[in-house]
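Structure assessment
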Amino acid sequence: MASSLTKDSVSPGTPGSEKTFFGHPRGLATLFMTEMWERFSYYGMRALLPLYLVAPGGLHLDAATATAIYSVYVSLVYLLAMPGGWFGDRVWGPRKTVAVAGAVIMLGHLTLALPASGTFYAGLGLVAIGSGLLKANISTMVGHLYDGPDDPRRDGGFTVFYMGINLGAFAAPLIIGTIGENVDWHLGFALAALGMALGLAQFLLGSRHLDAHSSVAPKPLSADERASTLRKAAIWAGIAVVFYAIVGFSGHYTLNWILVPLTLLGVIIPVMVLTRIKRDKELDRAEQSKMSAYIWFFVAAAIFWMIYDQGGSTLSIFAESSADNSVLGWEFPVSWYQSVNPVLIMALAPVFAWFWLALNRRGKEPSTIVKFASGLVLVGASFFLFLAPLSIAEGGHKAAAMWLVAIYFTQTVGELLLSPVGLSVTTKMAPAKYASQMMGVWFLAVTAGDATTGLLSIAGVDLNKTGIVALEAGLAVVAGVAVWMYRNRVKELMGDVR
């Protein structure tokens, strides 16, 4: 039981308390390497995914279908982070959940590596399930390494951990993308499986350095709850099997029978979760007010991620067909564009941290709302910038690679303004009753944004046309301006949160 484990039960001499990794507990090295290799596998596969879907040597789908599949896949990864966190809290504990997740992800990549279209979607599903299980729980284990929220090393530990994410994300397109595009698509997916295998091995070998709390489910299911959960899961699984068997045997099955329900779930579930929390009668007036303010941030974030995540789909497909992917006559694989964001994050994040600190000392640091609004305006500006290479391509010419780099740069600056602030405000404004669930709620903003992109693609909207790009850009800028205009009202709803 969770109550039987306290910090005092871990003696000072245990491996988990040694400071051997940049002044942090040795377990941070284990989690750093695990996350780095997991992100290497995830972002490497993601860089290849839209290109493989449209390639003549791949599945050779049209751009709209490829974008829909990509968007549904990304939305599922973030949607499944909530049940993934639930598994860690109620069933297996974070450590076992991450170990199982790593194995599922590796199996998913191996399935993608099989040269058969029938197994491809099963592989995508396995990677999405594994990523959802891993995402929430590995961050929880980083927190376990420190002596509560007030441990002065805690923020630095998470900073080091997130560097692992960006190192993996930076290297993946350069290695997996090059092999996948230039040698063999399925060999690229196999390399992603190798990356996850290295991460899983690192985790299993180094798990002795993790805190004992990581092996414990904080709120384990009772026997009655476990039976009820299994019964409900079996009923829903049975309904799905029967439904799709009828559709399949009747000869009516198409890919949209999977894509449409998943995209609708990606929009409906976030709305349902927010509505359930907002209507909870147990929340006091201050918590209700903060949730009203949080909805502003949530909707704004969904719009932001709707545009931002098209950097891996819409922009990538455009680059493959309509950009001159070369610098000074040297041609590079299209997937390399996906390394621009992580390298910019690593370069700019310390600059932003220093800049906010310098402004704070002078009492001039922008408020959370102003940062959020600025991030939205910038992601809108990135798509206004996208109109230039689109116009060049429509004129029958190849757009220069630096246009795309400029778009990714603008989006990254917007991300640095919005994403860290969103994570922070989520923890600050979470009602006490939902404290452990609110990070999953924040991830649902990504789900909603990507699901919206998926719905547009399924409806046949060409996201590489100037009209729709201008419309999305305008929506983001208008949303950013609206958040700024109503900043005083939102501040009032936020109460004591700043």
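Residues numbered from 1 in each chain as written. Predicted model: local features only at pLDDT ≥ 70, side-chain atom pairs only at ≥ 80, totals over all residues. Heavy atoms only, no water.

1. A word on the overall build of the protein
Rules: By definition, any uninterrupted DSSP run of H or I lasting at least four residues is a helix, any uninterrupted run of E lasting at least two residues is a strand, and each is numbered from the N terminus. When we talk radius of gyration, it's over C-alpha atoms, and the globule rule is simply 2.2 Å times the number of residues to the 0.38. Only protein chains enter the area calculation, which uses a 1.4 Å probe; residues under 20% of their type maximum are buried, those over 50% are exposed, and those in between are partly exposed. Here a residue-residue contact requires only that any non-hydrogen atoms of the pair lie within 4.5 Å. Shrake-Rupley sampling with a 1.4 Å probe provides the accessible areas, and residues are treated as covered by the protein chains on show and by no other component. Asp and Glu count as negative and Lys and Arg as positive, but His and the ends of the chain are not part of the count. Where a charge lies is defined by one atom per residue type, namely NZ (Lys), CZ (Arg), CG (Asp) and CD (Glu).
From N to C terminus, the protein includes 17 helices and six strands. In terms of C-alpha radius of gyration, the protein reaches 23 Å, essentially the compact-globule figure of 23 Å for 498 residues. Taking all 498 residues of the protein together, 50% fall into the buried category. In the protein, the proportion of contacts linking residues at least 24 apart, taken out of those at least 6 apart, comes to 81%. Just so you have it, the protein exposes about 22,000 Å², and 67% of that area is on carbon and sulfur atoms. Across the protein, 34 positive and 31 negative side-chain charges occur, with their mean positions spaced 7 Å apart.

2. A few points about helix α14 (residues 401-429)
Which entries qualify depends on this criterion: By this rule, a helix spans an expected 1.5 Å times one less than how many residues it contains. Bend, at a single residue, is the angle you get between axes fitted to the 7 residues ending at that residue and the 7 residues starting at it.
The terminal C-alpha atoms of α14 lie 41 Å apart, and with 29 residues this matches the ideal 42 Å at 1.5 Å per residue to within 8%. Along its length, α14 shows its largest kink, about 30°, at E415.

3. With respect to the packing of helix α1 (residues 27-54) against helix α11 (residues 314-322)
Selection rule: To obtain each axis, a line is fitted to C-alpha atoms, and for helices this fit is confined to the stretch in contact; angles are then taken between N-to-C directions over 0 to 180 degrees. Oblique is the label for any angle not under 35 degrees, not over 145, and not in the 65 to 115 range, which are roughly parallel, roughly antiparallel and roughly perpendicular in turn. Each crossing gets its hand from how the near helix is turned against the far one by less than a right angle, where anticlockwise is left-handed and clockwise is right-handed. Classes in brief: Ala, Val, Leu, Ile, Met, Phe, Trp, Tyr, Cys and Pro nonpolar; Asp, Glu, Lys and Arg charged; the others, Gly included, polar.
Contact pair α1 / α11: the axes reach a minimum separation of 9 Å and the direction vectors enclose 55°. Comparing the axis directions of α1 and α11 gives the class oblique. Read as a crossing pair, α1 and α11 show a hand that is right-handed. Residues P50, L51 and V54 of α1 lie in contact with α11, whose contacting residues are S316, I317 and E320. Considering only residue class, the contact of α1 with α11 consists of four nonpolar, one polar and one charged.

4. Points about the packing of helix α2 (residues 63-79) against helix α3 (residues 81-90)
Axis separation between α2 and α3 bottoms out at 5 Å; the angle between their running directions is 30°. The pairing of α2 with α3 is recorded here as roughly parallel in orientation. Every residue of α3 that contacts α2 at V77, Y78 and L79 is listed here: A81, M82 and P83. Its residues assigned to classes, the contact of α2 with α3 shows six nonpolar, no polar and no charged.

5. Re the side chain of R90
Definition in use: Pairs of N or O atoms are called polar contacts if they sit within 3.5 Å, as long as, within protein, a hydrogen donor faces a hydrogen acceptor (for residues adjacent in sequence, only side-chain-to-side-chain pairs).
Mapping R90 onto the fold places it in helix α3. The class for R90 is buried, based on a relative accessible area of 18%. Within the structure, R90 has its side chain in polar contact with the side chain of E225 (distance 2.9 Å). Ignoring sequence-local partners within four residues, the contact set of R90 consists of A217, K219, P220, L221 and E225.

6. Overview of the packing of aromatic side chains
Counted only if it meets this: Each Phe, Tyr or Trp ring, with Trp reduced to its six-membered ring, pairs with another whose centre is within 6.5 Å; inter-plane angles below 30 degrees give stacked pairs, above 60 give edge-to-face pairs, and intermediate values give tilted ones.
Summed over the entire model, instances satisfying the criterion amount to 29 aromatic pairs. Residues Y52 and W185 carry aromatic rings whose centres are separated by 5.8 Å and whose planes lie at 65° to one another, so their mutual orientation is edge-to-face. On the criterion of sequence distance, the pair formed by Y52 in helix α1 and W185 in helix α7 (residues 185-206) is long-range, its members being 133 residues apart. As far as the burial class goes, Y52 and W185 line up, both buried.

7. So, the environment of H186
Considering the arrangement of structural elements, one finds H186 in helix α7. For H186, a relative accessible area of 13% translates into the label buried. Taking the C-alpha atoms as reference, H186 lies 9.4 Å from Y52; in sequence the two are 134 residues apart. Among residues more than four places away in sequence, those in contact with H186 are Y52, L112, A113, L114 and P115. In this structure the side chain of H186 is engaged in a polar contact, spanning 3.4 Å, whose partner is the backbone oxygen of L114.

8. A look at a nonpolar patch on the surface
Heads up, the condition is: Only residues above 30% relative accessible area that lack a salt bridge enter a patch, with like-charged residues linked at up to 9 Å and the nonpolar side chains Val, Leu, Ile, Met, Phe, Trp and Tyr linked at up to 5 Å. We define a salt bridge as a side-chain nitrogen of Lys or Arg found within 4 Å of a carboxyl oxygen belonging to Asp or Glu.
The grouping of W296, V377, V481, W484, M485 and Y486 at the surface amounts to a nonpolar patch, some 570 Å² of accessible area in total. Ranked by residue count, the leading element in the nonpolar patch is helix α16 (residues 466-485), at three residues. Counting through the fold element by element, V481 comes out in helix α16. Look at V481 and you get partly exposed, because its relative accessible area is 37%.

9. Some remarks on the nonpolar core
The line we're drawing: Working definition of a nonpolar core: buried Ala, Val, Leu, Ile, Met, Phe, Trp, Tyr and Cys residues. They are joined through side-chain atoms within 4.5 Å.
Formed by 106 residues in total, the largest nonpolar core has its most connected members in M45, Y73, F120, Y294, W305, Y337 and L404. Setting aside chain neighbours within four positions, we find W305 in contact with E415, L418, S419, W442, A445, V446 and D450. Counting residues in hydrophobic clusters, the runner-up holds 24 residues, among them A29, V98, A99 and M141.

10. What to know about the environment of N341
Checked against the element boundaries, N341 lands in helix α12 (residues 340-361). Of the polar contacts made by the side chain of N341, one reaches the side chain of E415; its length is 3.0 Å.

11. Details of the pattern of salt bridges
What the rule picks out here adds up to six salt bridges. In this structure, K433 and E282 form a salt bridge, with 3.3 Å as the shortest nitrogen-oxygen distance. Of this pair, K433 sits in the loop between α14 and α15 (438-458) while E282 sits in the loop between α9 (256-278) and α10 (285-308), and the two are 151 residues apart along the sequence. By relative accessible area, which is 42% here, K433 ends up partly exposed. For E282, a relative accessible area of 62% translates into the label exposed. The residue R489 makes a salt bridge to E492 at a minimum N-O spacing of 3.3 Å.

12. A word on the confidence of the model for the protein
The criterion, for reference: In predicted models, pLDDT denotes the confidence assigned by the predictor to each residue on a 0 to 100 scale.
The predicted model of the protein averages 88 in pLDDT, with 94% of residues at 70 or higher. The lowest-confidence element of the protein is strand β1 (residues 19-21), averaging 63 in pLDDT; the highest-confidence one is strand β6 (residues 399-400), averaging 96. Contacts of residues 1-17 to residues separated by more than four positions or lying in other chains number 24 contacts, the stretch itself having pLDDT below 50.

13. Observations regarding the side chain of Q310
Mapping Q310 onto the fold places it in the loop between α10 and α11. According to the relative accessible area criterion, Q310 is buried, its value standing at 1%. One polar contact links the side chain of Q310 to the main-chain carbonyl oxygen of M306, over a distance of 3.1 Å. In contact with Q310, not counting residues within four places along its chain, are L315, F383, T453, L463 and E472.

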